[in-house]
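Below are the chains, spelled out letter by letter.
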Amino acid sequence: MRNLPKECDVLVVAVKPQQIEDVLPDLGVALHGSTRRPVVLSVVAGVATKRIEQFLPSVVPVVRAMPNTPMTVGAAVTAIARGGAATERDLRLVESVLESVGEVLRVPEDQLDAVTAVSGSGPAYVFLVAEMMIDAAMKLGLDRATADRLVTGTLAGSSAMLGDADPVQLRAAVTSPAGTTAAALEVFEQSDIRQTFRGALTAARDRSLELSGIVRPPLAPASADQH
Ligand SMILES: NC(=O)C1=CN([C@@H]2O[C@H](COP(=O)(O)OP(=O)(O)OC[C@H]3O[C@@H](n4cnc5c(N)ncnc54)[C@H](O)[C@@H]3O)[C@@H](O)[C@H]2O)C=CC1
Ligand SMILES: O=C(O)[C@@H]1CCC=N1
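Everything in this summary refers to the structure shown in the same document. (Residues numbered from 1 in each chain as written. Chains lettered and ligands numbered in written order. Predicted model: local features only at pLDDT ≥ 70, side-chain atom pairs only at ≥ 80, totals over all residues. Heavy atoms only, no water.)

Describing the pattern of salt bridges
- As enumerated under the stated definition, the model contains 11 salt bridges in all.
- Among the salt bridges present, the one from arginine 194 reaches glutamate 189, with a minimum N-O distance of 2.8 Å.
- Linked by salt bridges that have partners in common, Arg82, Glu88, Arg92, Glu95 and Arg106 make up one network. (Salt bridge = Lys/Arg side-chain N within 4 Å of Asp/Glu carboxyl O.)

Next up, the structure:
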């Protein structure tokens, strides 16, 4: 930890929210003892830049990001927000790192809890849809391998069509009057699926807000020679 600031331009904090107090005090000490000022990039859900800054020298730039797991296939969408000491140059540096694995958007920090609910947790909602479609396909008599290929191909193809297109228009184009899609969509609407989605995303947003309250105040400032 002590040598990290000398070796890195960007230091990524990627522990669980409950673990940041195990990491940030030592990082603060290492940065106090260093003349080099790497950007601290936190991907930790629900922990505000102000909280992170409390552990670090005031000149250290902090940028908070909410990426998502499609990063592993170069298709992330990540939102970033800057802390008090971060400059335009720091933001560009972070963007250049994150753009190597997907798209990057800048948002005000107070929107990151909503972002977490939408795109941070979002892949799980899509995977749940895949799981439920595969299950329903098998109930209709398709074998597992066929169901997997049909569902995976349908989700991938539909995502590729979305691009900048309007999902409402895309859905309308699939839905023939009194046809099969209309029959399925009627069942979805009757089950109040829209309200379910609003409730789910609100729960995720609220959990992110709640997590921001779990972090205890930092320890008294420590000088480098105490460690
Ligand atoms: N999983 C996801 O889709 C996303 C996760 N995040 C955030 O990323 C963070 C990490 O999440 P995951 O990767 O899912 O968790 P994880 O549990 O897989 O990774 C946490 C890592 O922190 C390490 N760690 C724990 N204590 C440490 C310490 N004292 N010093 C050094 N390393 C330590 C662990 O060894 C582990 O590798 C969380 O804050 C989460 O909110 C953000 C966006 C998406
Ligand atoms: O579930 C979580 O807390 C993390 C944050 C976004 C995705 N996974």
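Back to the write-up after that little detour.
Some points on the side chain of serine 119
- Note that serine 119 resides in helix α5 (residues 112-120).
- On the accessibility criterion, serine 119 (16% relative accessible area) is buried. (Helix = DSSP H or I, 4+ residues; strand = E, 2+ residues; numbered from the N terminus. Buried < 20%, exposed > 50% of the residue type's maximum accessible area, 1.4 Å probe, protein only.)

Some thoughts on the packing of α5 against helix α10 (residues 193-211)
- Contact pair α5 / α10: the axes reach a minimum separation of 8 Å and the direction vectors enclose 135°. If you check the angle between α5 and α10, you find them oblique. Relative to α10, α5 is oriented so that their crossing is right-handed. Where α5 approaches α10, its residues Asp113, Ala114, Thr116, Ala117 and Val118 are matched on the opposing element by Leu201, Ala204, Arg205, Ser208 and Leu209. (Axes fitted to C-alpha atoms, helices over the stretch in contact; angles between N-to-C directions. Parallel < 35°, antiparallel > 145°, perpendicular 65-115°, else oblique. Left-handed = near helix turned anticlockwise from the far one by under 90°. Contact = heavy atoms within 4.5 Å.)

A few points about unusual backbone geometry
- Here alanine 178, not a glycine, exhibits a phi torsion of approximately 60°, which is positive.
- Among the secondary structure elements, alanine 178 is positioned in the loop between α8 (167-174) and α9 (180-190).
- Its relative accessible area of 83% is what places alanine 178 among the exposed residues.
- Despite not being glycine, aspartate 192 shows a phi value in the positive range, around 60°.
- As for its placement among the helices and strands, aspartate 192 is situated in the loop between α9 and α10.

Remember that the coordinates give geometry; whether it matters functionally is a separate question.
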